[in-house]
Amino acid sequence: MTRRFINQDNNSNKFWNITTENNTQTITYGKVGTKGRELIKEFSSEAECEAETAKLIAQKTKSGYVELNDNADIPVKEELSEDEVAELFFWESIRKSNKYRNANWQEYDPDEHIENLAELLSKSGKQRLILFEKCMQEKLHELYTAEIAELYVILDNDFENKNGVITFEDSFSGDGFIYFRCWLLLKGKEFFEGLKKDLNTFLSPDFDFCIGNDWAEGLLYVADEAYGINHDNEDESEIRDAVSELYPDVVHYDDPEDMNRDTESGAGYHKRYPKLVEEIVAIRKPS
């Protein structure tokens, strides 16, 4: 009996086939379009062979492999567009460079994350770094909304609580808002996508982290820093300059358009986001 599987997610295009005959298991695997490699293993009994085969199949399907029907041809995988490649590279780099993603978020340091990110990116070529920078600028622009600005105020501005009504000061730092959005990007794709749909995503236990340091200015320069590790980068802006030249339609984070609506003021934050405000101020000290 032979069962065939493929993984064509993101930048993968691999096959994995498994055949059992009595107590013998044969696995072939590799990149689609190649012969691949072969592994043969014998078990003490047919039952043990079947059990181990079922375990392997479960592991493969959990990791993204999909089973093909009998005699079905392997589909031709569509090539990713440049934007898809850029986004995949951006989020994977953010994820891989965060050593606290499966640890205690209270120990998380955005500066350490950015240092790890620069080291990781330094292993990539110039074109990859340009795509990273382009994607970062696009994502910062996507977060240039009234909702994200209101989250920034709730987390950073002074407030007072009188008779159960929480009122925030309305001062707003443009640079601080840029650094805050950088910090949000460092939390990863799932958090980013959730936050755009619902600001209460911030309260999810899946994204627990310390809010004591919610600026990450260094992300703005990490692509050039990474490039400078192995190349001359006298002005420390070669990657950013290349993005401006190659992609003039990208809205730079220092030159935003109007927001989607006016932001709240005073007690309006509490009225619009009661649960979010109450849970956040519970761990902050009022002015």
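Parameters at a glance
Residues numbered from 1 in each chain as written. Predicted model: local features only at pLDDT ≥ 70, side-chain atom pairs only at ≥ 80, totals over all residues. Heavy atoms only, no water. Helix = DSSP H or I, 4+ residues; strand = E, 2+ residues; numbered from the N terminus. Rg over C-alpha atoms; globule rule 2.2 N^0.38 Å. Buried < 20%, exposed > 50% of the residue type's maximum accessible area, 1.4 Å probe, protein only. Contact = heavy atoms within 4.5 Å. Areas by Shrake-Rupley, 256 points an atom, 1.4 Å probe, with all protein chains shown as cover. Lys, Arg positive; Asp, Glu negative; His and termini not counted. Charge placed at Lys NZ, Arg CZ, Asp CG, Glu CD. pLDDT = per-residue confidence, 0-100. Phe/Tyr/Trp six-rings, centres within 6.5 Å; stacked < 30°, edge-to-face > 60°. Pairing = 2+ DSSP bridges. Axes fitted to C-alpha atoms, helices over the stretch in contact; angles between N-to-C directions. Core = buried A, V, L, I, M, F, W, Y, C linked by side-chain atoms within 4.5 Å. Parallel < 35°, antiparallel > 145°, perpendicular 65-115°, else oblique. Nonpolar A, V, L, I, M, F, W, Y, C, P; charged D, E, K, R; others polar. Salt bridge = Lys/Arg side-chain N within 4 Å of Asp/Glu carboxyl O. Expected span 1.5 Å × (residues − 1).

A. Local environment of the overall build of the protein chain. Along its length, the protein chain carries eleven helices and seven strands. Taken against the 2.2 N^0.38 rule, which gives 19 Å for 287 residues, the C-alpha radius of gyration of the protein chain at 24 Å runs more than 25% over that of a compact globule. Its C-alpha atoms give the protein chain principal-axis dimensions of roughly 75 × 50 × 30 Å. Across the 287 residues in the protein chain, those meeting the buried criterion constitute 41%. In the protein chain, of all internal contacts separated by at least 6 residues, the share reaching a separation of at least 24 is 68%. A total of about 16,400 Å² of accessible surface is found on the protein chain, and carbon and sulfur atoms cover 44% of it. Within the protein chain, the 60 negative side-chain charges are centred at a point lying 6 Å from the centre of the 33 positive side-chain charges.

B. Quick look at the confidence of the model for the protein chain. Residues with a pLDDT of 70 or more make up 96% of the protein chain, whose mean pLDDT is 90. Per-residue pLDDT, averaged within each element of the protein chain, yields its smallest value for helix α2 (residues 82-96) (91) and its largest for helix α10 (residues 268-272) (97).

C. Layout of the packing of aromatic side chains. Going through the model one piece at a time under the given rule, you end up with 16 aromatic pairs. On the numbers, 5.7 Å between centres and 55° between planes, the contact of Phe5 with Trp16 is tilted. One end of the pair, Phe5, is in strand β1 (residues 2-7); the other, Trp16, is in strand β2 (residues 14-21), and eleven residues separate them in sequence. Each member of the pair Phe5 and Trp16 is classed as buried. On the numbers, 5.5 Å between centres and 70° between planes, the contact of Phe168 with Tyr269 is edge-to-face.

D. How the structure looks around the side chain of Thr20. Checked against the element boundaries, Thr20 lands in strand β2. Those residues in contact with Thr20 that lie beyond four places of it in its chain are Met1, Cys49 and Thr53.

E. Looking closely at the sheet that holds β1. Judged by pairing direction, the sheet is antiparallel, and its five strands sit side by side in the order β4-β3-β2-β1-β5 without closing on themselves. Each edge of the open sheet carries a strand with a single partner, namely β4 (37-42) and β5 (66-67). Alignment of strand β3 (residues 24-31) against β4, held across six bridges, turns out to be antiparallel. The partner of Thr28 across the bridge, within β4, is Glu38. Taken strand by strand, helix α1 (residues 46-62) contacts β1, β2 and β3, and its axis lies near 165° from that of β2.

F. Local environment of the pairing of strand β7 (residues 165-168). Because side chains alternate across β7, one face comprises the buried residues Ile166 and Phe168, and the other comprises Val165 and Thr167, none of which is buried. As judged from the four bridges shared by strand β6 (residues 159-162) and β7, these two strands associate in the antiparallel manner. The residue bridging Asn161 from the neighbouring strand is Ile166, located in β7. Two successive antiparallel strands, β6 and β7, enclose a turn made up of two residues, where Asn163 displays a positive phi of approximately 55°.

G. Molecular detail of the nonpolar core. Phe132, Trp183, Phe202 and Leu219 are the most contacted members of the largest nonpolar core, which has 65 residues in total. Ranked by residues supplied to this core, first place goes to helix α6 (residues 174-185) with eight residues. Of all hydrophobic cores here, the second largest spans six residues; its members include Phe5, Ile18, Ile27 and Ile57.

H. Representation of the packing of helix α5 (residues 146-156) against α6 in the model. Two elements in contact, α5 and α6, have axes whose closest approach is 10 Å; the angle formed by their N-to-C orientations is 100°. Between α5 and α6, the angle falls in the class roughly perpendicular. Residues Ile148, Ala149, Leu151, Tyr152 and Leu155 of α5 form the contact with α6, whose participating residues are Gly176, Phe177, Phe180, Arg181, Trp183 and Leu184. For the contact of α5 with α6, the residue count by class is nine nonpolar, one polar and one charged.

I. Representation of the pairing of β1 in the model. Of the pairings in the sheet, the one linking β1 to β2 comprises six bridges and is antiparallel in character. Looking at the pairing, Ile6 lines up with Phe15 of β2.

J. View of the pattern of salt bridges. Going through the model one piece at a time under the given rule, you end up with 16 salt bridges. For the salt bridge of Lys139 with Glu87, the shortest nitrogen-to-oxygen distance reads 3.1 Å. Placement of the pair is Lys139 in helix α4 (residues 126-142) and Glu87 in helix α2, with a sequence separation of 52 residues. On the accessibility criterion, Glu87 (23% relative accessible area) is partly exposed. The partner of Glu119 in a salt bridge is Lys123, with the nearest N and O atoms 3.6 Å apart.

K. Quick peek at α6. Across its twelve residues, α6 extends 17 Å between first and last C-alpha, which sits within 8% of the 16 Å expected from 1.5 Å per residue. The buried fraction of α6 is high, at ten of twelve residues. In this fold, the buried residues of α6 make contact with α2, α3 (110-121), α4, α5 and α7 (189-197).

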